[in-house]
Amino acid sequence: MKAAFITGHGGNEVVQVREHHLPERAPGQVRVRVQAATLNQVDLYMRNSGAGITHRLPQIMGLDAAGTVEDCGGADPLLHPGQEVVIHPGVGCGRCEFCRRGDNALCLRIQFLGEHRDGTFAQWIQVPAAQVFPKPAHLSFPEAASLGVNHLTAWRMLFTKARLQPWETMLVFGIGGGVSLAALQLAKAIGARVIVTSRDDAKLARALALGADHGINGQTQDVVKETLALTDGRGVDVVFENTGAATWPAAMKSLVRGGRLVTCGATTGDQPGADLRRLFVRQLQIFGSSLGSYGEFHDLLGFVQRTGLRPLIDSTFSLDDIHAALDRLESGAQFGKVVLRIDVHEARAA
Ligand SMILES: [Zn+2]
């Protein structure tokens, strides 16, 4: 089979598309014919540094995927060959205290596809049956693959952690990135009011067309001042943050008393001022979050099916064009997901 491997760290040349033997399907595993997978920031991190991640190289890249079940050993009553499915990116150990409680997003020994074990940028993948979920029927494979990282991350942040309510207002920093767009879509789907920021007016215009209530240009406008003006001086109930040091001070100052800040990233730095006096005087709450559990993925897929939500696709590349796809993601110019369509007509190598 054909797959995209990471062979080292630093530069596009460490990412190589090669032929590889099709691995055996172990008992309890499902073999899925991958139809589409999407790029995530972690793919760039793995390519550029990979620091702090334990893995053996070369390794197949890719966290999320949608495809069709090819072989499940016939033993799984919930899955059958030909079924269209979407894959959860994490393999929980099933035995630590967090897995026992049903929250495998906190698993002590969690392994992510494309980080700690072979991932989804391949024609076939074998994963434990617990990771395989039915695909929402109205979605294409690229749209369904997009749910596995960005929408799952945003789901846990909004509904498990910050508990956003339909009558509340949320501020989302850096619209255009996959997680921020997912947050906008999910929040609008429950009827919440959403203010978004970007340094790019074109991205703000697209976010407004998608349903955002207000856009603030973070380069030419004062985000705190504008946010307070839009909320009658009150501030927002929830801030959705994933950029870190550059936006943290404005994030803290944009919150209403008792407001909640939820974060899943720190691309601009992870050591902003803590602003502790504001934190306790105004009784703010701060939540850290990362990806989501099998239970949360199950709920997200049901929500998507019920509401008809469709993730946004920025661009589509073939597996052979993975370098161009990574460049597109790295450019920061994308609006929605950068997708790999995995060719269905390639012959299977021995
Ligand atoms: Zn565990």
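Structure: above.
Here the structure is a predicted model, which means the values were calculated and not measured.

Caption draft 1: Representation of the pattern of salt bridges. Across all of its chains, the model carries 13 salt bridges by this definition. Salt-bridge contacts for Glu330 lead to Arg47; the nearest nitrogen and oxygen are separated by 2.8 Å. On the criterion of sequence distance, the pair formed by Glu330 in helix α11 (residues 322-331) and Arg47 in helix α1 (residues 41-48) is long-range, its members being 283 residues apart. Looking at Glu330, the relative accessible area reads 42%, which means it is partly exposed. Its relative accessible area of 3% is what places Arg47 among the buried residues. Residue Glu84 pairs with Lys135 through a salt bridge whose shortest N-O separation is 3.3 Å. Taken as a pair, Glu84 in strand β6 (residues 84-87) and Lys135 in the loop between β10 (132-134) and α3 (141-145) lie far apart in primary sequence, 51 residues in all. Shared partners join several salt bridges into a network, and the residues in it are Asp103, Arg156 and Glu296.

Caption draft 2: Region of interest: the sheet that holds strand β16 (residues 285-288). Strand order in the open sheet formed by six strands is β13-β12-β11-β14-β15-β16, and the pairing between neighbours is parallel. Of all the strands in the sheet, just β13 (214-217) and β16 have a single pairing partner and so form its edges. Here the average twist between neighbouring strands, direction ignored, is 20°.

Caption draft 3: Structural context of the coordination of the zinc ion. Around the zinc ion, the protein contributes the donor atoms Cys93 (SG), Cys96 (SG), Cys99 (SG) and Cys107 (SG), at 2.3 to 2.4 Å from the metal centre. Read N to C, the donor residues that coordinate the zinc ion are spaced as C-x2-C-x2-C-x7-C. Separated by 14 residues along the polypeptide, Cys93 in the loop between β7 (90-91) and α2 (97-100) and Cys107 in the loop between α2 and β8 (111-112) bring together distant segments of the chain. Residue classification places Cys93 among the partly exposed positions, given a relative accessible area of 27%. Taking the relative accessible area as the measure of exposure, Cys107 reaches 6% and is therefore buried.

The rules behind these values
Every chain is numbered independently, its residues counted from 1 as its sequence is written. It should be noted that, the model being predicted, local features are given only for residues of pLDDT at least 70 and side-chain atom pairs only at 80 or more, the latter also being counted only at that level, while totals for whole chains, interfaces and linings use all residues. Water and hydrogen atoms play no part in the side-chain values, which are based on all heavy atoms of the structure. Any Lys or Arg side-chain nitrogen found within 4 Å of a carboxyl oxygen on Asp or Glu counts as a salt bridge. The helix and strand labels rest on DSSP assignments: H or I over at least four residues marks a helix, E over at least two residues marks a strand, and numbering proceeds from the N terminus. Three labels apply to residues, based on accessible area from a 1.4 Å probe with only protein chains included: buried if under 20% of the type maximum, exposed if over 50%, partly exposed otherwise in between. In this scheme, strands are said to pair when DSSP sees at least two bridges between them. The axes used here are C-alpha line fits, helices contributing only the stretch in contact, and every angle between their N-to-C directions lies in the interval 0 to 180 degrees. The donor set comprises N, O and S atoms within 2.8 Å of the metal, extended to 3.2 Å for Na, K and Ca; water molecules are omitted, so apparent gaps in a site may simply reflect that omission.

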